[in-house]
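Summary of structural features
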Amino acid sequence: MRASLVIPTLNESGSIGNVLRTFRAAADAANRAEFASDPITWEVLVVDGASTDGTGTIAAQEGARVLVERRRGYGRAYKTGFAAATGEILATSDGDGTYPVAEIPRLVRELLDHHLDFLTGNRMAYLDRRSMTTEHRIGNWILNTFLHVAYHHYLKELPARTLEDSQSGFWVFRRSVLDRVALTQDGMAFSEELKVEAILRGLKVAEVPIRYGERWGLPKLSSWRDGSRNFLFLVRKRLAVARELKMGAPTPFGRETESRAPPA
Ligand SMILES: Nc1nc2c(ncn2[C@@H]2O[C@H](COP(=O)(O)OP(=O)(O)OP(=O)(O)O)[C@@H](O)[C@H]2O)c(=O)[nH]1
Ligand SMILES: [Mg+2]
């Protein structure tokens, strides 16, 4: 089996080497243990936003394929990375040392064993005070609460409390997901758009608790600017969903399609 780990980076030279070495060691260990009968061939793609601190050079030295994406944006970097990735399973992480990349093989196992389409890590599960600033925490709470109220109709069929962390950037999913979702966002709202789309299209989505660590380098995200953009995106998306449903057709949402499909 072939899988790709995609990591967007913007000046993450302090952490990227460690992230890549930690992942590689865990992937090799998993290939000798739970994946021994069908080892995963991992490709690691670092989508670098023309960092000026040598992030790309370090990533290449650690064996990653480095793509330079000069157009700004977290979502833009992922679109470029996903288009270039060759794995049938895709995994993601920030390059800042916050996400537990050593857990990725275990999450791949969970995705396969439970026949899921999309797994997303929940940072809120064991959140340490030092890992998230107060502004960040408040912003996340507002976004998560709004999402649960506004999208209640779609979330209620999922296991209880799914999507407690709408802003997590730690995902493991089947490549086929990309054929089913419409991704328009180039900025930080890409993260919530991908999850909301996966749910709206009726894909099998699950959220798993993860440990989230303290960031190694300088933040790239502005809590209030990115938070308000993400909030506005959730509002606009919800209105678009309502409009699409009102127009009646063609409904893009898996569960609606199932319930409306004429008997065979
Ligand atoms: N290529 C590229 N990568 C980016 C860009 N903006 C952010 N990144 C990277 O995307 C990942 C996520 O950005 P972060 O700044 O960590 O965002 P966050 O995790 O929401 O915020 P923190 O809690 O401060 O880490 C990091 O690895 C960044 O280096 C960009 O414009 N281009
Ligand atoms: Mg981060």
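Described below are features of the structure shown in this document. Just so we're clear, the structure is a prediction, and the values are computed from it rather than from any experiment.

What follows concerns the overall build of the protein. Each helix and strand in the protein was counted, giving ten helices and seven strands. For a compact globule of 264 residues, the expected C-alpha radius of gyration is about 18 Å, and the protein comes in at 18 Å, within 12% of that figure. Once the C-alpha set of the protein is aligned to its principal axes, its extents read approximately 55 × 45 × 35 Å. Expressed as a percentage of its 264 residues, the buried residues of the protein come to 40%. A sequence separation of at least 24 residues applies to 78% of the contacts in the protein between residues at least 6 apart.

Relative to the 36 Å expected for 25 residues at 1.5 Å per residue, helix α9 (residues 223-247) spans 36 Å between its end C-alpha atoms, a close match to the ideal helical length. All of the buried residues along α9 are G227, N230, F233, L234 and K237.

Further remarks concern the site of ligand 1. For ligand 1, the set of nearby residues contains 22 residues, the closest of which are P8, G49, A77, P219 and K220. For the shell around ligand 1, the secondary structure elements donating two or more residues are β1 (2-9), β2 (41-48) and α3 (74-84). For the shell around ligand 1, the residue count by class is seven nonpolar, seven polar and eight charged.

With that settled, consider the nonpolar core. The biggest cluster of nonpolar side chains holds 56 residues, and the ones touching the most others in it are L5, V6, V46, A91, I104 and V172. Sequence-distant contacts of L5, defined by excluding residues within four places in its chain, comprise F23, W42, V44, A91, S93 and I104.

Looking now at the sheet that holds strand β5 (residues 118-122). Across the sheet, which stays open at both edges, the seven strands sit in the order β3-β2-β1-β4-β6-β5-β7 with mixed pairing between neighbours. Since the sheet does not close on itself, it has two edges, and those belong to β3 (65-68) and β7 (205-209), each with one partner. Direction aside, the axes of adjacent strands within the sheet are offset by 20° on average. In this sheet, strand β4 (residues 89-92) lies alongside β1 in parallel orientation, the contact comprising four bridges. Paired with V6 across the strands is T92, a residue of β4. Packed onto the sheet, α3 meets β1, β2, β3 and β4 and runs at close to 155° relative to β1.

Burial along β4 is two-sided: the face carrying I89 and A91 and the face carrying L90 and T92 are both buried. Across three bridges, β4 lies against strand β6 (residues 171-174) in antiparallel orientation. Bridge pairing in β6 links I89 to R174.

Phi at A50 takes a positive value of approximately 50°, unusual for a residue other than glycine. Structurally, A50 is set in the loop between β2 and α2 (55-61). Overall, A50 belongs to the partly exposed group, with 13 C-beta atoms counted inside 10 Å.

Our focus in this paragraph is the packing of helix α8 (residues 190-200) against α9. Between two packed helices, both the angle of their axes relative to each other and the distance between the axes serve to describe the pair. The interhelical angle for the contact between α8 and α9, taken along N-to-C directions, is 25°, at an axis separation of 11 Å. Relative to α9, the element α8 is oriented roughly parallel. Handedness of the crossing formed by α8 with α9: right-handed. On α9, the residues touching E192, E193, V196 and L200 of α8 are N230, F233, L234, K237 and V241. When grouped by side-chain class, the residues that make up the contact of α8 with α9 number five nonpolar, one polar and three charged.

Cut-offs used in this document
- Residues numbered from 1 in each chain as written.
- Chains lettered and ligands numbered in written order.
- Predicted model: local features only at pLDDT ≥ 70, side-chain atom pairs only at ≥ 80, totals over all residues.
- Helix = DSSP H or I, 4+ residues; strand = E, 2+ residues; numbered from the N terminus.
- Rg over C-alpha atoms; globule rule 2.2 N^0.38 Å.
- Buried ≥ 20, exposed ≤ 12 C-beta atoms within 10 Å, placed from the backbone.
- Contact = placed C-beta atoms within 7 Å.
- Expected span 1.5 Å × (residues − 1).
- Near = placed C-beta within 6 Å.
- Nonpolar A, V, L, I, M, F, W, Y, C, P; charged D, E, K, R; others polar.
- Core = buried A, V, L, I, M, F, W, Y, C linked by C-beta atoms within 7 Å.
- Pairing = 2+ DSSP bridges.
- Axes fitted to C-alpha atoms, helices over the stretch in contact; angles between N-to-C directions.
- Parallel < 35°, antiparallel > 145°, perpendicular 65-115°, else oblique.
- Left-handed = near helix turned anticlockwise from the far one by under 90°.

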